[in-house]
Amino acid sequence: MRSFPEAARGELANVQLRTNLRAATDTIRAKRARVVGEVPDWEELREAGRAIKADVLAHLDEYLLQFEAAFRAAGGVVHWARDADEANAIVVEIARSHGADEVVKVKSLTTDEIRLNDALETAGIHALETDFAELILQLDGDWPSHILVPAIHRNRAEIRDLFARTIAPGIDSDDPHVLAEAARIFLRERFLTAGVGVSGANFAVAETGTLCVVESEGNGRMCTTLPPVLVTVLGIEKLVPRFADLQVFLQLLPRSATGERMNPYTSLWTGVSDGDGPQELHVVLLDNGRTRVLRDEIGRQALACIRCSACLNVCPVYTRTGGHAYGSVYPGPIGAILTPQLRGIENASSLPFASSLCGACYEVCPVKIDIPAVLVHLRGQVRAPLRERSLMRAVAWMLGGRRRFEFAQRLARATQRLAAPRAWTETRDLKSIPAESFRSWWRRSRG
Ligand code: SF4
């Protein structure tokens, strides 16, 4: 994985990306502020969301077993996967056992995290993304740069040209209705003939074994109801204890995500019903580093994330670099704390530094994840380069004695013009050191 500064440098030079990001995030941010402002008990809702998630993380083992029992009792099959390879193998095996050479997919960050599409392709099974933006990216071999608006970096003319080359030869308009209709015609047939559907889930209810997907286009509902077999890959942190808890999150999520009072499609399914929807239902409970994150009392709050992306839209770093610079399916502030924990800090050590620590992410987070605190906590785990460590040791020694400190002041005063560090002062002003220290002025003025 390239370091964040290295990856960001290239993205910052992309003017179109910055223009698209600016327009999209400004719009979503304003919509969010408007609909959140309408809710008099928004802070209480946030606190309720935080408390429910904290309870889930504190008792995850119990809730997982409760969910497993309820899901089985409703007629579903439960699989446990320690990592991406195990999860992928389970989904491949289910698809193979039904002779599927194509599965239809609901947009799912969890399946992107484990690179399920690649695993299916390797097994000769095509995974067709049915979310409009995900379809665009798949057709062009591109990857998402925003949690909710994956193709935020693409514009309409590009999409028209892409469709003309792939699913809609002859299309010559970049009108959104025309583009959406082309995708609809292409997808409808595939929904009706697919033998296996694959989804993630936004929430899973421990007491009832219910799964819940929220989305804007209706493609998710097609995937979860039309194919006779449905497999849902669920990160184990997605549980909520009670069905009634959904009322908290179904208010918090759409307002924080797309700035809507309610998302257009909320699909809930509990087990199998004769003659209605999939007749074979699987859930894959995915760990993939989550139990390791759970051990860290400060870092574990990242697992409370409901993937609304509000923190991305307010982040001064994300809104300039976009999502690709984060090298993960989880971009922005949440990515900066989740990816290093899931992959191991040694594999993503630059991400906790991809923040100005302004705190805007914390202010908008619907479940009150203290992202700045986790960033600082993770920074403390990164081993600084030798030069920086030596410098800090020297500073500590110098500050450890009055005479040494005063000598350093005099030295700095005399040499400040020569010694100004170039990389630092290229983008910042270095305040000059006063001609006299406060202590010496005090002594002098008192005679
Ligand atoms: S960290 Fe909070 S604001 Fe960011 S995506 Fe997750 S829930 Fe939303």
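Here we summarise the structure given alongside this text. Predicted model only: the values in this text are computed from it and were never measured.

1. Side note on the overall build of the chain
Scanning the chain from N- to C-terminus turns up 22 helices and 10 strands. Considering only C-alpha atoms, the chain reaches an extent of 95 × 55 × 45 Å along its principal axes. Residues counted as buried form 48% of the 447 residues belonging to the chain. A sequence separation of at least 24 residues applies to 74% of the contacts in the chain between residues at least 6 apart. When the accessible surface of the chain is split by element, carbon and sulfur atoms take 54% of a total near 21900 Å². In the chain, which carries 55 positive and 54 negative side-chain charges, the distance between the mean positions of the two groups comes to 15 Å.

2. Examining the site of the ligand
Around the ligand, a shell composed of Cys-305, Ile-306, Arg-307, Cys-308, Ser-309, Cys-311, Ile-334, Cys-365, Pro-366, Val-367, Ile-369 and Ile-371 is seen. Its residues assigned to classes, the shell around the ligand shows 10 nonpolar, one polar and one charged.

3. A word on the side chain of Thr-339
In this structure, Thr-339 sits in helix H16 (residues 332-343). Every residue in contact with Thr-339, bar those within four places of it in the chain, is listed here: Ser-328, Tyr-330, Gly-344, Ala-348 and Leu-351.

4. Some points on the packing of aromatic side chains
For the structure shown, the criterion picks out eight aromatic pairs. A ring pair is formed by Phe-438 and Trp-441, whose centres lie 5.7 Å apart and whose planes are at 35 degrees; its orientation type is tilted. On the criterion of helical spacing, the pair formed by Phe-438 and Trp-441 is a turn pair, its members being three residues apart in helix H22 (residues 438-445). A residue is classified by how much of its surface remains accessible, and Phe-438, at 60% relative accessible area, is exposed. On the basis of relative accessibility, which here comes to 39%, the residue Trp-441 falls in the partly exposed class. Ring-pair connections join several aromatic residues into one group, and the members of that group are Phe-4, Tyr-318 and Tyr-326. The aromatic ring of Phe-249 is capped on one face by Lys-53, whose charged end is 5.8 Å from the ring centroid. Its end group placed over the ring of Trp-397, Arg-404 keeps NZ or CZ at 4.6 Å from the ring centre.

So, how was this worked out
For every chain, the first residue of the written sequence is number 1, and numbering continues from 1 onward in sequence order. Owing to the predicted nature of the model, reporting of local features is limited to residues with pLDDT of at least 70; listing and counting of side-chain atom pairs is limited to 80 or more, with chain, interface and lining totals taken over all residues. With hydrogens and water excluded, all non-hydrogen atoms of the structure serve as input to the side-chain values. Each helix is a run of H or I in the DSSP string that is no shorter than four residues. Each strand is a run of E no shorter than two, and both are numbered from the N terminus. Only protein chains enter the accessibility calculation, which uses a 1.4 Å probe; a residue is then buried when its area is under 20% of its type maximum, exposed when over 50%, and partly exposed in between. We call two residues in contact whenever any of their non-hydrogen atoms come within 4.5 Å of each other. Accessibility throughout is a Shrake-Rupley quantity obtained with a 1.4 Å probe, and a residue counts as covered only by protein chains that appear here. His is not counted here, nor are the chain ends, while Lys and Arg score as positive and Asp and Glu score as negative. Every charge is mapped onto a representative atom, which is NZ of Lys, CZ of Arg, CG of Asp or CD of Glu. Distances are taken per atom, and a residue is near a molecule or strand as soon as one of its heavy atoms is within 4 Å of it. When residues are sorted by character, Ala, Val, Leu, Ile, Met, Phe, Trp, Tyr, Cys and Pro go into the nonpolar class, Asp, Glu, Lys and Arg into the charged class, and all the rest, Gly among them, into the polar class. The rule is short: rings of Phe, Tyr and Trp, with Trp giving its six-membered ring, pair when the centres are within 6.5 Å, and they are stacked under 30 degrees, edge-to-face over 60, tilted in between. Should the NZ of a Lys or the CZ of an Arg lie within 6 Å of a ring centre and within 35 degrees of the ring normal, that charge is described as sitting over the ring.

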